[in-house]
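What follows is each chain in one-letter form.
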Amino acid sequence: MTSTAAIVSSGAGRRPPALSDMNRPSLIGMTRAELGEALAEAGVPAKQIGMRVAQLWHWIYVRGAGDFDQMSNVSKDLRQILCERYSLALPQIVSEQVSVDGTRKWLLRFPAEGAGRPVEIETVYIPETGRGTLCVSSQVGCTLACTFCHTGTQRLVRNLTTGEIVGQILLARQQLGDFPDAQTPTGAIVPGTGRLVSNIVMMGMGEPLFNFDNVKQGLLIASDGEGISLSKRRITLSTSGVVPMIERSGKEIGCMLAISLHGVRDDLRDELVPINKKWPIAELLAACRAYPGLSNAKRITFEYVMLRGVNDSLAEARELVRLLKGIPAKINLIPFNPWPGSPYACSDWQTIERFAEVVNRAGYASPIRTPRGRDIFAACGQLKSASERLGKSERGQAEAFPAKTTAPL
Ligand code: SAH
Ligand code: SF4
């Protein structure tokens, strides 16, 4: 971290959930049907359930209520019952860091699931002039081990639940003052107009298509017109290439798709993105060609990390363009973001520009992605938390030990 970046808070933000919060299921992330069941269990008469679900949905997702007492059109008695049984707790903030370029990174902690330990993940906010993008995590760690990715060095601990995925969005909106009547922190860099969190990319920790059900439900909540209400055009799911889930992702979620391609030959991609051994380039591109809803207005983004001397020759640029012929596509060249011990270097700028020129000449505009938040280690592929997967013997003892505390960077 450079001296100009700031740790805004460490262990601050929302109070950590009280013990009783952990025993109360969270309403965040439930579908309307699940909310209805929760209300029925709380004794709400059947004929009132539809109306009460709509009220809760509005308070949670439009107004950002963190407390049942804010729900002024819900009777005091019902608020009391709901409060005794359910929680609206957001993730606990372990630390928040702000880059010189305004990028924010939160290290967030979630309670243990079952016999596990509490887990930590990172969520990143990237403000630009006309939009604010939230980079959301889908898993703690990753089962895949792409050789250029810091998350890939951390084994999978567990999938995040729907509530934990949606919780990242609500927390960012709360911290940035993106709810009605909320305050944006003084001096925060945010877009000049429009919503502060206007776009979501599933490009944080983990492979979203290996946690399909929770990611799907989370993104359907994010795009629900009576709640968070983000257009599906402003939500992008990035995958390393889980081919069998690509079609379902288009049909059942309907958001934008990004593919982490990074190599144009199977021998190299097998090494960089090992899932390629299971689903090689030709199968991946066939699934892309068949992506539901694909058109020139709804293109697939192909991500290509620029690794010095590895995948950055002009011959590879030409091959990239050739491979994508006929697919409505955008190409995103990502300068490699280094991390401690990473085995690669970023291509030099001239090489990236020459590569981009080939891509540009083929009709793809502005393909180079500016690295953001490198000084706070928040750029693409730099995320990693200290959560560890438990061995069998540890699992039995997990509840007996306090959670491991993770120091911010
Ligand atoms: N698991 C998903 C989404 C998370 S990674 C996926 O792999 O697509 C988000 C993007 O960052 C992916 O394109 C990934 O390949 C890229 N990335 C990973 N490590 C990187 C690094 N060190 N520098 C630049 N980009 C990186
Ligand atoms: Fe996992 Fe994506 Fe990183 Fe590969 S690039 S290790 S799939 S998070």
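Above: the structure in question.
Note that the coordinates shown come from a computational prediction; the quantities given were computed from them, not determined experimentally.

So, how was this worked out
- Residues numbered from 1 in each chain as written.
- Chains lettered and ligands numbered in written order.
- Predicted model: local features only at pLDDT ≥ 70, side-chain atom pairs only at ≥ 80, totals over all residues.
- Heavy atoms only, no water.
- Helix = DSSP H or I, 4+ residues; strand = E, 2+ residues; numbered from the N terminus.
- Buried < 20%, exposed > 50% of the residue type's maximum accessible area, 1.4 Å probe, protein only.
- Contact = heavy atoms within 4.5 Å.
- 1 Å grid on protein atoms, 1.4 Å probe; cavity = no way out; pocket = protein on both sides within 12 Å on 5 of 7 lines; lining within 4 Å.
- Points joined across faces, edges and corners; volume = space filled by probe spheres on them.
- Nonpolar A, V, L, I, M, F, W, Y, C, P; charged D, E, K, R; others polar.
- Near = heavy atom within 4 Å.
- Polar contact = N/O pair within 3.5 Å; in protein donor to acceptor, adjacent residues only side chain to side chain.
- Areas by Shrake-Rupley, 256 points an atom, 1.4 Å probe, with all protein chains shown as cover.
- Phe/Tyr/Trp six-rings, centres within 6.5 Å; stacked < 30°, edge-to-face > 60°.
- Salt bridge = Lys/Arg side-chain N within 4 Å of Asp/Glu carboxyl O.
- Pairing = 2+ DSSP bridges.
- Right-handed = clockwise from strand over helix to strand, strands pointing away.

Re the overall build of the chain
- What the chain contains, in helices and strands, is twelve helices and twelve strands.
- For the chain, the proportion of its 409 residues judged to be buried stands at 55%.
- Put simply, of all contacts in the chain between residues at least 6 apart along the chain, 68% involve residues at least 24 apart.

Observations regarding empty space enclosed by the protein
- For the structure on display, the rule yields two cavities of 30 Å³ or more.
- By volume, the second largest cavity is sized at about 60 Å³.
- The wall of the second largest cavity is formed by eleven residues, among which I60, G64, A65, L90 and L170 lie closest to the centre.
- A per-class count over the lining of the second largest cavity returns seven nonpolar, three polar and one charged.

Observations regarding the site of ligand 1
- The environment of ligand 1 is formed by 21 residues, the closest being F148, G206, S238, S260 and H262.
- H262 is positioned with one of its side-chain polar atoms (N or O) 2.6 Å from an oxygen atom of ligand 1.
- Contacts to ligand 1 include E303, whose side-chain N or O atom sits 3.1 Å from an oxygen atom.
- In isolation ligand 1 offers 530 Å² of accessible surface; the protein chains occlude 96% of this area.
- Broken down by secondary-structure element, the contributors of at least two residues to the shell around ligand 1 are strand 9 (235–239), strand 11 (300–306) and strand 12 (329–335).

A word on the packing of aromatic side chains
- Tallying each qualifying case throughout the model produces three aromatic pairs.
- Note on F336 and Y344: the rings are 6.2 Å apart at their centroids and 80° apart in plane angle, and the pair reads as edge-to-face.
- Owing to a relative accessible area of 15%, Y344 belongs among the buried residues under this scheme.

Looking at the side chain of S238
- Relative to the helices and strands, S238 resides in strand 9.
- Taking relative accessible area as the criterion, S238 reaches 9% and is therefore assigned buried.
- Residue contacts for S238: discarding those within four places in its chain leaves M202, M203, E207, P208, A258, S260 and E303.

Some remarks on the pattern of salt bridges
- Per the stated rule, a full pass over the model turns up 19 salt bridges.
- A salt bridge links D181 to R63; its shortest N-O distance comes to 3.9 Å. Within this pair, whereas D181 is found in the loop between helix 5 (162–176) and strand 8 (199–202), its partner R63 is found in the loop between helix 3 (49–62) and helix 4 (76–85), the two being separated by 118 residues in sequence.
- The class of R63 is partly exposed, set by a relative accessible area of 32%.
- Between R158 and E164 there is a salt bridge; the shortest N-O distance is 2.9 Å. In this pair, the class of R158 matches that of E164, namely buried.
- When salt bridges with common partners are traced through the structure, they connect R32, D224 and E226 into a single cluster.

With respect to the pairing of strand 10 (residues 256–260)
- For strand 10, a buried count of five out of five residues is recorded, marking the element as mostly surrounded by other parts of the structure.
- Burial along strand 10 is two-sided: the face carrying M256, A258 and S260 and the face carrying L257 and I259 are both buried.
- Pairing analysis gives four bridges linking strand 9 to strand 10, with the strands arranged parallel. In the sheet register, S238 faces strand 10, and the bridge partner there is A258.
- For the crossover from strand 9 across helix 7 (residues 243–253) to strand 10, the handedness is right-handed.
- Summarising the sheet, strand 10 and strand 11 pair through three bridges and their orientation is parallel. Paired with I259 across the bridge in strand 11 is F302.

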